[in-house]
Number of protein chains: 2
Amino acid sequence: MKKFLNDPANFVKEMIEGISLANPGKYIYKPEYNILARNDIPANKVAIMQGSGSGHEPAHIMCVGKGMLDAACPGNVFAAPPMDYVYECTKLIANDAGVLHIINNYQGDRMSWDMGREMAEAEGIKIGVVIVDDDVSVQNSTYTVGRRGVAGNFFVIKCCAAAAERGKNLEEVVAVGKKVNANVRSMGMALTGCIPPAKGTPLFTLADDEIEIGIGIHGEPGRRRDKYRPAKDIMEELFTAIYEDLPFASGDRVAVMVNGMGGTPISELYLLYGEAAKKCEEKGLTVVHNYVGNYCTSLEMQGFSLTLLKLDDEIETYLNDPAECAIHVF
Amino acid sequence: MKKFLNDPANFVKEMIEGISLANPGKYIYKPEYNILARNDIPANKVAIMQGSGSGHEPAHIMCVGKGMLDAACPGNVFAAPPMDYVYECTKLIANDAGVLHIINNYQGDRMSWDMGREMAEAEGIKIGVVIVDDDVSVQNSTYTVGRRGVAGNFFVIKCCAAAAERGKNLEEVVAVGKKVNANVRSMGMALTGCIPPAKGTPLFTLADDEIEIGIGIHGEPGRRRDKYRPAKDIMEELFTAIYEDLPFASGDRVAVMVNGMGGTPISELYLLYGEAAKKCEEKGLTVVHNYVGNYCTSLEMQGFSLTLLKLDDEIETYLNDPAECAIHVF
């Protein structure tokens, strides 16, 4: 295993410390619970938090900022945050407007967040919950009952956060999150596996001519192993699976995300976006927003996922609102 | 070779088409010369262009936008743009204020840009040149006489572009570029090699316990092969080489860039940034700006480079100016 780290046991802590150092004055950083929180959360705004396993960066620890998450409290690599992380983070950001928990649908996450929520609610904190399960690949998976939550999560965060910044109350923000989740679909695939730092060996391996269609972001099996194929063919399969699932229809306005799994060069992601844009054109979808880059990754895995979000005026308004986070371009 | 592409021969064209499709209405796209140009270049502003080999994205084709490049005309993967690309691109963006060519110091690029410039000058176009050679790894390299131009190039683009947007004339913008190049130093290293699409096999290979210190962005050898080491030790070596080269000194204000080589997860880059920030603190450098992510890559290579730029009030002003490009976050 060759990774940029000092000790696998400290990988997540040292990463979060790096994020904190790269954003001086912006965050409250509590190393004991892997908490990074905005230090300027408005007192009367619904506070929004997330935190699943690490290893999916920029999800979610790098997405804390005005118009995005108010806080994140990730667990170790591919491990749900312990319940006390959820509890402490909730307490830290709680105010009279209440707290929204955005949770990706994995059993480990569900359990930690349920228990953390109960602990916080016992202290009188008002909490709303939105579960994200946008992955159309499989109905149940290795670590889920029901569908997995993957990159579509970003649209849930973005829209809930915009609604909260606009002064919506907790029930309204929960309704926004549920609406976005109901209108977003994703599917991923992998060219290679990845190596969790603590394991030191690949989670799974693919031969030189093999790919995995429908991969999970923790290496969970998807629909099948297949032979390596041209980008256009792979996009065709993922696009069709997503399009037919909602279903989308000609005339729909959409946001499109081509998400890298961590090790895929951005050159290849833009080539893939070109294929996705042509499929949208062919199907009569109008692309209003596009997102090309690494959003929800799986360490250094080479692969990508496609996400389509069906827009209405409300969702589009929220996507247009300003957002800040730990990462920036120039 | 497993990459997201359809035909290696069309890789670059299909990537640029994807960028164009992802930014509707923003660019003039001329596929025959791999040209992407802003469609809103002010008539009285020095026009700025760059274009070395592809495979280094987002450099430079994804950096076209207000406050960054006015146009780019990359060659094929790891190949300089042919002279007619340079000539046609120069003609396309030329105006009375003149054109700035920013060129990374590789012999292939120097030759193409010299000849393209002569062709354009013969038609009366006024052209200024800035050569970027920020890599401290080696004094001459496989494809260079003198030092290589790597990620420090971004600071040259950013500052020249800001100066041009502020109305500086061609001679003044050239002077800004030369000043930034004189104050910026970089060094890179690799954990793995990479596979150019047309070659189909790795440019070079590193064993499971090997790294290359001082790697070039086309796989050129650096200072030496070494055994895999903790992130802290690797950063110590790169930081020290850069720090002593300028030399930097306690009290300096700096911009710091931790640049991924394409296949390195952003989690590891932030961990590395944490190490860089601690080195800056130890040496008495004040970090005014930081940039963590993929800026100047080498396809899917796992590795990183560190860049330090010494700031003065003028350079800092230019870094603070707004900039747009093809890639965005939210």
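Keep in mind that this is a model prediction, so the values were computed, not measured. (Residues numbered from 1 in each chain as written. Chains lettered and ligands numbered in written order. Predicted model: local features only at pLDDT ≥ 70, side-chain atom pairs only at ≥ 80, totals over all residues. Heavy atoms only, no water.)

Asks: I would appreciate a short explanation of the relation of the copies chain B and chain A in the present structure.
Replies: What connects the two chain copies is a rotation about an axis and a shift along it. Its rotation angle being 180 degrees, the transformation that places chain B on chain A also includes 0.0 Å of axial translation and leaves an RMSD of 0.0 Å. These values place the two chain copies in the arrangement generated by a two-fold rotation axis. Nearest to the rotation axis, the C-alpha of Gly263(B) is located 2.0 Å from it, this being the minimum over chain B. A share of 100% of the interface residues of chain B reappears at the interface of chain A, consistent with the copies meeting face to face through the same patch. (Least-squares fit on C-alpha atoms with pLDDT ≥ 70 in both. Contact = heavy atoms within 4.5 Å.)

Asks: How do you make sense of the interface of chain B and chain A when you look at a structure like this?
Replies: Think of interface size as the accessible area that goes away when the parts come together; that is how it is often given. Across the contact, 62 residues belong to chain B and 62 residues belong to chain A. Across the chain B/chain A interface, buried area totals approximately 5,400 Å², and carbon plus sulfur atoms make up 66% of it. Summed over the shared surface of chain B and chain A, the result is four salt bridges. The partner of Glu268(B) in a salt bridge is Lys3(A), with the nearest N and O atoms 3.9 Å apart. The set of elements that each furnish at least two residues to the side of chain B that touches chain A consists of α1 (11-22), β8 (210-213), α6 (231-245), α7 (266-283), β11 (286-294) and β12 (303-310) of chain B. Considering every element that reaches the side of chain B that touches chain A, the biggest residue donor is α7(B), with 11 residues. (Buried area = accessible area lost by both parts, 1.4 Å probe. Salt bridge = Lys/Arg side-chain N within 4 Å of Asp/Glu carboxyl O. Helix = DSSP H or I, 4+ residues; strand = E, 2+ residues; numbered from the N terminus.)

Asks: What's the story with the nonpolar core in this structure? I'm lost.
Replies: Across soluble globular proteins, nonpolar side chains show a tendency to be buried alongside one another. Ranked by internal contacts, the top residues of the largest apolar core, which has 101 residues, are Ile48(A), Leu100(A) and Phe304(B). The dominant element in this core, judged by the number of residues it contributes, is helix α4 (residues 153-165) of chain A, at 10 residues. When neighbours within four sequence positions are excluded, Ile48(A) is seen to be in contact with Leu69(A), Asp70(A), Ala71(A), Ile93(A), Leu100(A), Ile102(A), Cys160(A), Ala161(A), Ala164(A) and Val173(A). Residues Ile242(A), Val256(A), Tyr270(A) and Phe304(A) belong to the second largest nonpolar core, which totals 100 residues. (Core = buried A, V, L, I, M, F, W, Y, C linked by side-chain atoms within 4.5 Å. Buried < 20%, exposed > 50% of the residue type's maximum accessible area, 1.4 Å probe, protein only.)

Asks: I would appreciate a short explanation of the sheet that holds strand β2 (residues 35-38) of chain A in the present structure.
Replies: Sheet strands line up and pair through hydrogen bonds in the backbone, either parallel or antiparallel. Residue and element names in this part refer to chain A. Taken together, six strands build an open sheet; the order of strands is β1-β2-β4-β3-β5-β6 and the sheet is mixed. For this open sheet the edge positions go to β1 (27-30) and β6 (127-132), each flanked by a neighbour on one side alone. Where strand β3 (residues 47-50) lies against strand β5 (residues 99-104), three bridges are found, and the strand directions are parallel. For Ile48, the partnering residue across the bridge sits in β5 and is Leu100. The sheet contacts of α4 involve β2, β3, β5 and β6, and relative to β5 the element is tilted by about 170 degrees. (Pairing = 2+ DSSP bridges. Axes fitted to C-alpha atoms, helices over the stretch in contact; angles between N-to-C directions.)

Asks: What should I look at first to understand the sheet that holds strand β6 (residues 127-132) of chain B in this one?
Replies: Residue and element names in this part refer to chain B. Spatially, six strands are ordered β1-β2-β4-β3-β5-β6 in an open sheet, and the strand pairing comes out mixed. Across the chains shown, the open sheet's two edge strands, defined by having one partner strand only, are β1 (27-30) and β6. The sheet contact formed by strand β2 (residues 35-38) and strand β4 (residues 71-72) spans two bridges and is antiparallel. Opposite Leu36, over in β4, you have Ala72 as the bridge partner. Taken strand by strand, helix α3 (residues 107-121) contacts β3 (47-50), β5 (99-104) and β6, and its axis lies near 165 degrees from that of β5.

Asks: Where do I start with the domain arrangement of chain A in this structure?
Replies: Residues and elements named next belong to chain A. Partitioning chain A into domains gives domain 1 (8-182) and domain 2 (184-320). Each partner contributes to the interface: domain 1 provides 37 residues, whereas domain 2 provides 42 residues. A combined buried area of about 3,200 Å² lies between domain 1 and domain 2, and 64% of that area is made up of carbon and sulfur atoms. In this assembly, domain 1 and domain 2 are joined by three salt bridges. One salt bridge connects Asp245 with Arg147, and the closest N-O pair in it is separated by 2.6 Å. At the boundary of domain 1 and domain 2, one finds 18 residue pairs in polar contact (both at pLDDT 80 or more). Put simply, the parts of the chain that give the side of domain 1 that touches domain 2 at least two residues each are α4 and α5 (170-182). (Domains from an automatic or database assignment. Polar contact = N/O pair within 3.5 Å; in protein donor to acceptor, adjacent residues only side chain to side chain.)

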